[in-house]
Amino acid sequence: MNILISNDDGIHAPGLHALAKAIAPLANITVMAPDRDYSGVSNALTLDKPIAVTELKPNWYSISGTPTDCVHLAITGFLDFEPDLVLSGINKGANLGDDVLYSGTVAAAVEGRNLGLPAIAFSVTEHACKNFDTAAIIAKNLVESLMAKPFKHNTVLNVNIPNKPLQDIKGQKATRLGYRHRAEPIIPTHCPRGRVFYWVGPAGKGADVGEGTDFHATENGYVSITPLQIDLTAHTITPTLANWLKGIAND
Ligand code: MN
């Protein structure tokens, strides 16, 4: 079995190394990850410049591009084999609810799925996480389970792991995405030459965090596994929109 591993925190991120170390005994792994932290770039593809690939050691490649570039390159011609599975992470920080639309971690997995491969994104719920051991064990167990009993659905699994020691993890739950309140305000900073620059503020606190959501599971000590689909259509609203359009003069 061949497993492609990427992330958005960059090729030197401890979460990536923990994931690769945990998965290496299970399969042939290839790591292709950005040469810098590309958190929050979503599904960006680099189209206005060429992309450099640097082999750091056998099967480890540093890429001058986004997480999506990494997986796209790997599957559409750089590798001379087709991976059986794409893994992304382990991200430093949660990817819950609306986060999945901004996340480069989830995007790398989505790119794998878009190109026809099963894919999983892994995140630990706190930015302060320095110890990825628990998350790596959970990732390894999940991949082993999938190898033993394939889960054949056209989906990306978005896995969020509480930042806790393994003995404090209560189990795992299949969840849906919750959502957040509006993001916190921007943060202005003054440069020595008089200009004001702005930092994007933190994500909003959880708003839809009830039972069944990814927020609720992780808050209560469970690993959250959300199956993601790419179809963002609000299917229940399509007939209402069609009716509304009928009432509009088109001249
Ligand atoms: Mn990240």
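The preceding data block contains the structure.
Residues numbered from 1 in each chain as written. Predicted model: local features only at pLDDT ≥ 70, side-chain atom pairs only at ≥ 80, totals over all residues. Heavy atoms only, no water.

K.L.:
With reference to specific residues and values, describe the sheet that holds strand β6 (residues 119–124).
P.N.:
What the 9 strands build is an open sheet, ordered β3-β4-β2-β1-β5-β6-β7-β13-β8; its pairing is mixed. A single partner strand is all that each edge strand has here, and the edge strands are β3 (53–57) and β8 (171–174). Sheet twist, expressed as the mean angle between neighbouring strand axes with direction ignored, is 20°. Pairing analysis gives 4 bridges linking β8 to strand β13 (residues 222–228), with the strands arranged parallel. Counted as the bridge partner of Ala174 is Ile225 from β13. Packed onto the sheet, helix α1 (residues 14–23) meets β1 (2–6), β2 (28–34), β4 (60–63), β5 (85–92) and β6 and runs at close to 140° relative to β5. Running at roughly 160° to β6, helix α5 (residues 133–148) makes contact with β1, β5, β6, β7 (156–161) and β13 of the sheet. (Pairing = 2+ DSSP bridges. Helix = DSSP H or I, 4+ residues; strand = E, 2+ residues; numbered from the N terminus. Axes fitted to C-alpha atoms, helices over the stretch in contact; angles between N-to-C directions. Contact = heavy atoms within 4.5 Å.)

K.L.:
Requested: an account of the coordination of the manganese ion, with residues and values cited.
P.N.:
Every protein donor of the manganese ion is accounted for by Asp8 (OD), Asp9 (OD), Ser39 (OG) and Asn91 (OD1), and the metal-donor separations fall at 2.1 to 2.3 Å. In primary sequence terms, the donor set of the manganese ion follows D-D-x29-S-x51-N. Taken as a pair, Asp9 in the loop between β1 and α1 and Ser39 in the loop between β2 and β3 lie far apart in primary sequence, 30 residues in all. (Donors = N, O, S within 2.8 Å, 3.2 Å for Na, K, Ca; no water.)

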